[in-house]
Amino acid sequence: SQYSAVDTNPLSVYIMQPIWNKIIKIVPLWIAPNLLTFSGFVMILFNYLLISFYDWDYTASGTSPGLVPTWVWLFSAFTTFCAYALDSIDGKHARRTQSSTPLGELFDHGLDSWATSIFVLSFFSVCSRDNGKTGVSVYTMYIYLSIVLFNFMCSHWEKYNTGVLFLPWGYDISQVVLIAAYLLTGTVGVEVWQKPLLFGYYITDVLVILLIGFSLFLSFPQTLYNIHRAHLKKTLKNDSLYEGLLPLVSPLLLFVLLTVWVVLSPSNILAKQPRLFLWMVGVAFSNVICKVIICQMSSTQPELFHWFLFPLAMVVYAAISGLLGSTEEVVLGVFTALVTAAHVHYGVCVGRQLSEHLNIYIFSLKKRVQE
């Protein structure tokens, strides 16, 4: 299927696109577009690991403001900008080098589905977790992450049904806000997040309100409207309501299972290991969404239950029933490692299969020699 995307965001159209069009000119023509996509992802991942090293339990900003060095925040602004730029020019570069392929589309959106959670998890270190005076509770973090992932899911669910990816307005705005937040933190210090901004509200409160407002009152209604419009024009990809709603089943069940674990965990797992738990949420989500993206690209039907829901359900049951007892944290650690390994393995396998099928290399524009 031909890739089709629509971008109506004024920030993107009038400010960012002209910048990307200038940057793209300096990229050598021999560089493969997937290499740009992957480099951006590696930068976000490296930055996340760097912040995690200084602030594993999300307390540094709240309790000891100087714990994360200033250069880390400035480096975060730099890597976020680079990743944003690379993610915005990879498609343009593919068209420039006449190397647009379904593999490139999948690679781009698949890595985006993972990067989305990593952006959010890095940002939580700026606002820090609740220490009684300032910060955000770990439950707010979980809800915040879920809403961002829900937004991402909506745009791909919409593409599954309409064949067109309407780029959400929130994307460009969130990237610019993130870069600004890191620059602010690097120049002024984390204290800026710990003083009320307006009427006793903190900047973090304002951002949470904005995010929820954007998601529930702009993005989601827009998604439903676009699907409704396709229905009226008779351009919907799926005839039945069952087929249309099918991709939502696994992500929603995933959210239900994770929320049950968060709420009923005997050892309060989210408060004990917020970084591990939220990372696991992001990886699990990315894997579920990658399946939807593949189904949408290949016009196939996703299975009702993603395989991952079964081991997760077993772990959640063992945790909340008290079977795990004091080993709950250890089990979460092992489970998170396995899920991450499974997701990476899945990505590598799909990439290799597609590169063989399409007779191209993932990271090179050279053509494969026919066997």
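Because the structure is predicted, anything quoted here is derived from the model rather than measured. (Residues numbered from 1 in each chain as written. Predicted model: local features only at pLDDT ≥ 70, side-chain atom pairs only at ≥ 80, totals over all residues. Heavy atoms only, no water.)

Novice: Lay out the overall build of the chain with the relevant residues and their values.
Specialist: Scanning the chain for helices and strands turns up 13 helices and two strands. The C-alpha radius of gyration computed for the chain amounts to 21 Å, which stays within 12% of the reference 21 Å derived for 371 residues, consistent with globular compactness. Each principal axis of the C-alpha distribution contributes one length, and for the chain these read about 60 × 50 × 45 Å. Counting across all 371 residues of the chain, residues that qualify as buried make up 51%. (Helix = DSSP H or I, 4+ residues; strand = E, 2+ residues; numbered from the N terminus. Rg over C-alpha atoms; globule rule 2.2 N^0.38 Å. Buried < 20%, exposed > 50% of the residue type's maximum accessible area, 1.4 Å probe, protein only.)

Novice: Can you tell me about the packing of helix α5 (residues 102-127) against helix α13 (residues 328-357), naming the residues and giving the values?
Specialist: In a pair of packed helices, the angle between the axes and the distance between the axes together describe the arrangement. Taken N-terminus to C-terminus, the directions of α5 and α13 make an angle of 170°; their axes are 10 Å apart at the nearest point. The angle between the axes of α5 and α13 places the two elements in the roughly antiparallel class. For the pair α5 and α13, the contacting residues are L103, L106 and W114 in the first and T340, H343, V344, V350, G351, L354 and S355 in the second. Taken together, the residues of the contact of α5 with α13 sort by class into six nonpolar, four polar and no charged. (Axes fitted to C-alpha atoms, helices over the stretch in contact; angles between N-to-C directions. Parallel < 35°, antiparallel > 145°, perpendicular 65-115°, else oblique. Contact = heavy atoms within 4.5 Å. Nonpolar A, V, L, I, M, F, W, Y, C, P; charged D, E, K, R; others polar.)

Novice: Break down the environment of A5 for me, with residues and values.
Specialist: Here A5 lies in strand β1 (residues 5-6). Counting along the chain gives 83 residues from A5 to S88, while the straight-line C-alpha distance between them is 13 Å.

Novice: Describe the side chain of S146, and please don't skip the residues or the numbers.
Specialist: Along the chain, S146 turns up in helix α6 (residues 138-162). On the basis of relative accessible area, S146 is assigned to the buried category, the value being 14%. A distance of 2.8 Å separates a polar atom in the side chain of S146 from the backbone oxygen of Y142. (Polar contact = N/O pair within 3.5 Å; in protein donor to acceptor, adjacent residues only side chain to side chain.)

Novice: Outline the packing of aromatic side chains, listing residues and values.
Specialist: This structure, assessed with the given rule, holds 26 aromatic pairs. Ring geometry for F152 against F285: centres 6.5 Å apart, planes inclined by 75°, an arrangement best described as edge-to-face. You can see F152 sitting in helix α6 and its partner F285 sitting in helix α11 (residues 274-298), a full 133 residues away along the chain. In this pair, the class of F152 matches that of F285, namely buried. Within the aromatic cluster, the residues linked to one another by ring pairs are F46, F53, Y54, W71, F75 and F78. Just above the ring of Y58 sits the side chain of R275; from NZ or CZ to the centre is 4.1 Å. (Phe/Tyr/Trp six-rings, centres within 6.5 Å; stacked < 30°, edge-to-face > 60°. Lys NZ or Arg CZ within 6 Å of the ring centre and 35° of its normal.)

Novice: Describe in detail α5, supporting the description with residues and values.
Specialist: End to end, α5 covers 38 Å across 26 residues, agreeing with the expected 38 Å (1.5 Å per residue, within 8%). At W114, α5 is bent by approximately 30°, the largest bend along its length. Taken across its 26 residues, α5 has 25 buried, putting it largely inside the fold. Following α5 by one or two positions, S128 adopts a phi angle in the positive range, close to 60°. (Expected span 1.5 Å × (residues − 1). Bend = angle between axes of the 7 residues up to and from the residue.)

Novice: Tell me about the nonpolar core, and please be specific about residues and values.
Specialist: In this structure, F123, F124, Y144, L254, W261, F277 and L312 are the most contacted members of the largest nonpolar core, which totals 98 residues. If sequence neighbours within four positions are ignored, F277 has contacts with Y142, L258, W261, V262, I269, L270 and L332. (Core = buried A, V, L, I, M, F, W, Y, C linked by side-chain atoms within 4.5 Å.)

Novice: Can you explain unusual backbone geometry? Please cite residues and give values.
Specialist: Backbone geometry at K234 places phi at a positive 60°, although glycine is not the residue there. Within the fold, K234 resides in the loop between α8 (203-232) and α9 (241-264). Note on K234: relative accessible area 74%, which makes it exposed. Here N359, not a glycine, exhibits a phi torsion of approximately 60°, which is positive. N359 sits in the buried class, given a relative accessible area of 19%.

Novice: Talk me through the UniProt feature "transmembrane region" (unreviewed entry) in the chain; I want residue IDs and the actual numbers.
Specialist: According to UniProt, the feature "transmembrane region" (unreviewed entry) maps to residues 26-50, 70-86, 136-154, 197-220, 241-264, 276-294, 306-324 and 330-348 in the numbering used here. Counting secondary structure, residues 197-220 comes out at 75% helix and 0% strand; the distance between its end C-alpha atoms is 29 Å. (UniProt positions renumbered as here; feature names shortened; annotations may be inferred.)

Novice: Kindly report on the confidence of the model for the chain, identifying the contributing residues and their values.
Specialist: Here the chain averages 90 in pLDDT, while 98% of its residues score no lower than 70. Within the chain, the element-level pLDDT minimum falls on β1, averaging 76, and the maximum on helix α12 (residues 309-320), averaging 97. (pLDDT = per-residue confidence, 0-100.)

Novice: Lay out the pattern of salt bridges in plain terms, naming residues and giving numbers.
Specialist: Proximity of charged atoms lets side chains of opposite charge pair with each other. For the structure on display, the rule yields two salt bridges. Between K159 and E105 there is a salt bridge, and its shortest N-O distance comes to 2.8 Å. With K159 in helix α6 and E105 in helix α5, this residue pair connects regions lying 54 residues apart in the sequence. Its salt-bridge partner being E329, residue K272 comes within 3.9 Å of it at the nearest N-O pair. Of this pair, K272 sits in helix α10 (residues 269-272) while E329 sits in helix α13, placing them 57 residues apart in sequence. What makes E329 partly exposed here is its relative accessible area of 28%. (Salt bridge = Lys/Arg side-chain N within 4 Å of Asp/Glu carboxyl O.)

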